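Notes for the structure review
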Amino acid sequence: MKKSGIFNSQIAKVVASMGHKDTIAIVDMGFPMPDSTERIDLVLDYGKPTFFEVLEPVLKELEVEEVIIAHESKDEFVEGIQRKLPNAKIKRVSHEELKELSKKCKAVIRTGDVKPYTNAIFVSGVIF
């Protein structure tokens, strides 16, 4: 049995397969899940788990150089991402463009978060 890290086998597999510039999305409960990419549905209940509860273990294993979020995202959401990833570039796009970009991600992880526009795409960096 695995002792540490990401215990969800789907997420662990995707993160382990990511190379430089590959992308993975973490989204709220209402985000439209694209048919063109792997779907990882973590919704347990209304509001659970939250975006940041899912992001925290992912960041223990994934090097991120850029985060793509919607212009419509609330300031507190953006600030939360900046606290977790102070060295990552933040790129803002329209919510419609974010939905289109999610179709090219290696996977989309759906959380139970119900705060509007709590969605982000993470661009994989390198560790050297």
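Here, the structure is the one placed above.
Read on for an overview of the structure. (Residues numbered from 1 in each chain as written. Predicted model: local features only at pLDDT ≥ 70, side-chain atom pairs only at ≥ 80, totals over all residues. Heavy atoms only, no water.)

**With respect to the overall build of the protein chain**
We apply this condition: A run of DSSP states H or I qualifies as a helix once it reaches four residues; a run of E qualifies as a strand once it reaches two. Both are numbered from the N-terminal end. Put simply, the radius of gyration uses C-alpha atoms, and a globule should come to 2.2 Å times the residue count raised to 0.38. Working definition: with a 1.4 Å probe on protein chains only, accessible area under 20% of the residue-type maximum means buried, over 50% means exposed, and in between means partly exposed. Contact between two residues is taken to exist if any of their heavy atoms lie within 4.5 Å; hydrogens are not considered. Shrake-Rupley sampling with a 1.4 Å probe provides the accessible areas, and residues are treated as covered by the protein chains on show and by no other component.
A count of helices and strands for the protein chain gives 4 helices and 6 strands. Order of helices (α) and strands (β) in the protein chain, N terminus to C terminus: α-β-β-α-β-α-β-α-β-β. The C-alpha atoms of the protein chain give 13 Å as radius of gyration, which agrees with the globular expectation for 128 residues (14 Å, within 12%). In terms of its C-alpha atoms, the protein chain occupies a principal-axis envelope of roughly 40 × 35 × 30 Å. Counting only residues that meet the buried cut, the protein chain has 45% of its 128 residues in that class. Residue pairs at least 24 apart in sequence account for 80% of intrachain contacts in the protein chain once pairs closer than 6 positions are excluded. Accessible area of the protein chain: about 7,300 Å², with a carbon and sulfur share of 51%.

**Some remarks on the side chain of threonine 37**
Operational definition: Residues adjacent in sequence count toward polar contacts only when both atoms are side-chain atoms; beyond that, a polar contact is any pair of N or O atoms within 3.5 Å, and within protein one must be able to donate a hydrogen and the other to accept it.
As for its placement among the helices and strands, threonine 37 is situated in the loop between β1 (23–27) and β2 (38–41). Within the structure, threonine 37 has its side chain in polar contact with the backbone oxygen of lysine 106 (distance 3.3 Å). What threonine 37 contacts, discounting residues up to four positions off in sequence, is Ser102, Lys103, Cys105, Lys106, Ala107 and Val108.

**Observations concerning the sheet that holds strand β4 (residues 89–93)**
For clarity, the cut-off: At least two DSSP bridges between two strands are required for those strands to pair. Interaxial angle, 0 to 180 degrees, is taken between N-to-C directions of lines fitted to C-alpha atoms, where a helix line uses only the stretch in contact.
Read across the sheet, 6 strands follow the order β2-β5-β1-β6-β3-β4 without closing on themselves; strand pairing throughout is mixed. Either end of the sheet is taken by a strand with one partner, and the two such strands are β2 and β4. Mean inter-strand twist for the sheet, computed between neighbouring axes without regard to direction, equals 20°. Both β1 and strand β5 (residues 107–110) contribute to a ladder of 4 bridges, which runs parallel. Across the sheet, residue valine 27 finds its bridge partner in β5, namely arginine 110. Against the sheet, helix α3 (residues 75–84) contacts β3 (64–70), β4 and β6 (120–124), and its axis sits at roughly 175° relative to β3.

**Structural notes on the pairing of β5**
Bridge count for β2 against β5 is 4 bridges, and the pairing is parallel. Residue pairing across strands places glutamate 38 opposite alanine 107, the latter belonging to β5.

**Quick look at a nonpolar patch on the surface**
Our working definition: The residues that make up patches have over 30% relative accessible area and no salt bridge, and they are joined within 9 Å when like-charged or within 5 Å when they are Val, Leu, Ile, Met, Phe, Trp or Tyr. What counts as a salt bridge is simple: a side-chain nitrogen of Lys or Arg found within 4 Å of a carboxyl oxygen of Asp or Glu.
A grouping of Val126, Ile127 and Phe128 is seen on the molecular surface, where their side chains present a nonpolar patch of about 410 Å² in accessible area. On the secondary structure map, phenylalanine 128 appears in the segment after β6. On the basis of relative accessible area, phenylalanine 128 is assigned to the exposed category, the value being 84%.

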